[in-house]
Amino acid sequence: MMINDLMEKVISLCKRRGFIFQSSEIYGGLANTWDYGPLGVELKNNVKRSWWRKVVYERDDIFGMDAAILMHPKVWETSGHLKNFFDLKSDCRSCKRRFKTQDLKDPQRCPDCGGQLTEGRPFNLMFETRLGVIEEESLVVYLRPETAQGMFVNFLNILDTKHPKLPFGLAQIGKAFRNEITPGNFIFRTREFEQMEIEYFVHPKEAEDRYQEWIEERFKWYIELGIKRENLRRRAHGKDELAHYAFACTDIEYNFPFGWQELEGIANRTDFDLRKHSEMSNKDMRLFDEISKEKFYPYIIEPSGGVDRSVLAFLIDAYYEEKVKDDIRVVLRLHPSLSPIKIAVLPLLKNRAELVEIAKKITWDLKKKFFTVYDDTAAIGKLYRRQDEIGTPFCVTVDVQSLEDKKVTVRDRDTMEQRRVGMDKLKDYFFDLLCV
Ligand code: ATP
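The sections below set out a description of the structure shown in this document. (Residues numbered from 1 in each chain as written. Predicted model: local features only at pLDDT ≥ 70, side-chain atom pairs only at ≥ 80, totals over all residues. Heavy atoms only, no water.)

## A look at the sheet that holds strand 23 (residues 418-422)
On the basis of which strands lie adjacent, the open sheet formed by five strands has the order 20-19-21-22-23 and mixed pairing. With one partner strand each, in any of the chains shown, strand 20 (372-374) and strand 23 form the two edges of the open sheet. Strand-to-strand twist in this sheet, taken as the mean axis angle between neighbours without regard to direction, amounts to 25°. Note that strand 19 (residues 343-347) and strand 21 (residues 394-398) share five bridges and pair parallel. By the bridge assignment, Val345 is partnered in strand 21 with Val396. Those strands touched by helix 13 (residues 426-434) are strand 19, strand 21, strand 22 (407-412) and strand 23, and its axis lies near 165° from that of strand 21. (Pairing = 2+ DSSP bridges. Helix = DSSP H or I, 4+ residues; strand = E, 2+ residues; numbered from the N terminus. Axes fitted to C-alpha atoms, helices over the stretch in contact; angles between N-to-C directions. Contact = heavy atoms within 4.5 Å.)

What follows is the structure, given as structure tokens:
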């Protein structure tokens, strides 16, 4: 399969089957903005749920939270985003196209038309808006460019309500906005996106060890959810690449069809954020060290991943085309916990009322535990292919024999193997296979 082909095939599947649509399509679309359809929202929610389960439910040292997108503008002054959160942009004097200076091979020449480029000029990536109805009195606020700050400014609230001991963390999933100079590659780089972020507060002496642990922990998560090992790598940032708040940062990169690119960054933010917010707000965020008997600011280790980028990586990694007899079968080998639909129930003959009735009953019964759908709108072979293409791990077929032996056929998406399972055993059977 050609590489660009793979990207095009995934994009086309996303649209054809209702994973992802272009935003405002009936008005010609809004560039680089995407809407998640019925299957896309399931996949995206499953990614978020898997992350939340791993970092909140399966640990006892991380608390979840959900802060507002709009925050007091002082937050962004203190965090350094107002001053430092920019990319350099270069404009072509001839064709007027705009480029991120850092991406240019020749910073003088336009890569499109060969025209003269302007010098790189700073361009702040934060979206600005106004809060309030009276123009003169309204307050300039920003759409958050990272969810992290919502957790730093709640640090004292968490201490007061949960009384945690170091190390402990906060986890949050939410929208972030950046006015990117060059968005693109489908949902890889957009101006509105979702982040999954952990802020892990540690004693400064432990920071390096915890930083290394989190790199491994997060790397493992992608592999456990089915990403092929050879398509993932870690890449430590050079000192010149580091964000203004970071002492060290390692990216987990995925081998996208358009090259190795960041999926998630794990940063050692030092005590930069808590120190600055303490100084600016006059609220002391230091903790007391029992050994040295001194107050200190905890360091922060931050694993920060993109929901949309992970969704794209999971889709690309799972996409297969296989020859089956004389046919090409498209199959999304998604990890079952990510699959939008877990089970499809299909009657072998839709004109046999008894089969339809049993199939519908099984569907409603399974729906209480797993997202299950019923389909009888085509011949069985076609119904299987439809489910393969959207990554449904199991199909249940009700046939004439089911009327006698009270068993149904369960077909596995990946092996295409079929096995007879008693109708009364179905829930337990799937519980073992799907609750992983
Ligand atoms: P990049 O270098 O690709 O611009 P970044 O290093 O600026 O990314 P971070 O600030 O580390 O990104 O943000 C953490 C995560 O948020 C990224 O790893 C990525 O998954 C996601 N993310 C950041 N910007 C975007 C975007 N414009 N569109 C989609 N996801 C994004």
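There's more to say after this.
## Some thoughts on helix 2 (residues 38-57)
The first and last C-alpha atoms of helix 2 sit 27 Å apart over 20 residues, in line with the 28 Å expected at 1.5 Å per residue. Residues of helix 2 that are buried: Leu39, Gly40, Leu43, Lys44, Asn46, Val47, Lys48, Ser50, Trp51, Val55 and Val56. (Expected span 1.5 Å × (residues − 1). Buried < 20%, exposed > 50% of the residue type's maximum accessible area, 1.4 Å probe, protein only.)

## A word on the side chain of Lys100
You can see Lys100 is positioned in strand 5 (residues 98-100). According to the relative accessible area criterion, Lys100 is buried, its value standing at 10%. Aside from chain neighbours lying at most four places away, what touches Lys100 is Asp87, Leu88, Ile181, Thr182 and Arg189.

## Describing the packing of aromatic side chains
If you walk through the whole model with that rule in mind, you get 17 aromatic pairs. Arranged with centres 4.8 Å apart and planes meeting at 50°, the rings of Phe155 and Phe201 form a pair that is tilted. Here the residue Phe155 occupies a position in helix 6 (residues 155-162), and Phe201 occupies one in strand 10 (residues 192-202), the gap between them amounting to 46 residues. Residue class for Phe201 comes out buried when judged on its relative accessible area of 0%. Arranged with centres 5.3 Å apart and planes meeting at 70°, the rings of Phe188 and Phe258 form a pair that is edge-to-face. Of this pair, Phe188 sits in the loop between strand 9 (168-177) and strand 10 while Phe258 is found in the loop between strand 12 (248-256) and strand 13 (259-268), placing the two residues 70 residues apart along the sequence. For Phe188, a relative accessible area of 5% translates into the label buried. Above the face of the Phe247 ring, Lys239 is positioned so that its terminal group lies 4.6 Å from the ring centre. One cation-aromatic arrangement involves Arg411 over Tyr384; the distance from NZ or CZ to the ring centre is 4.3 Å. (Phe/Tyr/Trp six-rings, centres within 6.5 Å; stacked < 30°, edge-to-face > 60°. Lys NZ or Arg CZ within 6 Å of the ring centre and 35° of its normal.)

## What to know about helix 8 (residues 272-281)
Burial in helix 8 covers these residues: Phe272, Asp273, Leu274, His277 and Ser278. The inward-facing, buried residues of helix 8 contact helix 3 (73-79), helix 5 (148-152), helix 6, strand 10 and strand 16 (299-306). Just downstream of helix 8, Asn282 is the residue with a positive phi angle, here 60°.

## Some words on the environment of Leu349
Structurally, the position occupied by Leu349 is in the loop between strand 19 and helix 10 (353-367). Relative accessible area serves as the criterion here: at 34%, Leu349 is assigned to the partly exposed category. On a C-alpha basis, the gap between Leu349 and Ala378 in space is 9.7 Å, while along the polypeptide they are 29 residues apart. Once residues within four sequence positions are removed from consideration, Leu349 is found in contact with Leu355, Val356 and Val400.

## Points about the site of the ligand
Surveying the vicinity of the ligand reveals 15 residues, the closest of which are Glu180, Arg189, Thr190, Glu262 and Leu263. A distance of 2.6 Å separates an oxygen atom of the ligand from a polar side-chain atom of Glu262. Summarising the interface, the protein chains cover 84% of the accessible area of the ligand, which totals 580 Å² for the free molecule. Put simply, the parts of the chain that give the shell around the ligand at least two residues each are strand 10, strand 13 and strand 16. Its residues assigned to classes, the shell around the ligand comprises three nonpolar, six polar and six charged. (Near = heavy atom within 4 Å. Polar contact = N/O pair within 3.5 Å; in protein donor to acceptor, adjacent residues only side chain to side chain. Areas by Shrake-Rupley, 256 points an atom, 1.4 Å probe, with all protein chains shown as cover. Nonpolar A, V, L, I, M, F, W, Y, C, P; charged D, E, K, R; others polar.)

## Digging into the side chain of Asp376
Position of Asp376 among the secondary structure elements: in the loop between strand 20 and helix 11 (380-389). It is Lys350 that comes nearest to the buried, bridge-free Asp376 among opposite-charge side chains, at 5.0 Å. A polar atom in the side chain of Asp376 sits 2.9 Å from the side chain of Tyr374. Residue contacts for Asp376: discarding those within four places in its chain leaves Pro347, Lys350 and Leu383. (Lys, Arg positive; Asp, Glu negative; His and termini not counted. Salt bridge = Lys/Arg side-chain N within 4 Å of Asp/Glu carboxyl O.)

## Comments concerning the sheet that holds strand 5
The sheet built from three strands is open, its strands ordered 5-4-6 with antiparallel pairing. Of all strands in the sheet, those with a lone pairing partner are strand 5 and strand 6 (121-124), marking the two edges. Within this sheet the neighbouring strands show an average axis-to-axis angle of 45°, counted without direction.

## Points about unusual backbone geometry
Following Leu166, the chain continues into Pro167 via a peptide bond in cis, with omega recorded as -10°. As for its placement among the helices and strands, Pro167 is situated in the loop between helix 6 and strand 9. Even without glycine at this site, Asn32 takes up a positive phi of about 55°. Within the secondary structure layout, Asn32 lies in the loop between strand 1 (20-22) and strand 2 (34-36). Here the phi dihedral of Asn282 falls at roughly 60°; this positive angle occurs in a residue that is not glycine. Here Asn282 shows up in the loop between helix 8 and strand 14 (287-289). Among the residues examined, Asn282 registers a relative accessible area of 70% and is labelled exposed.

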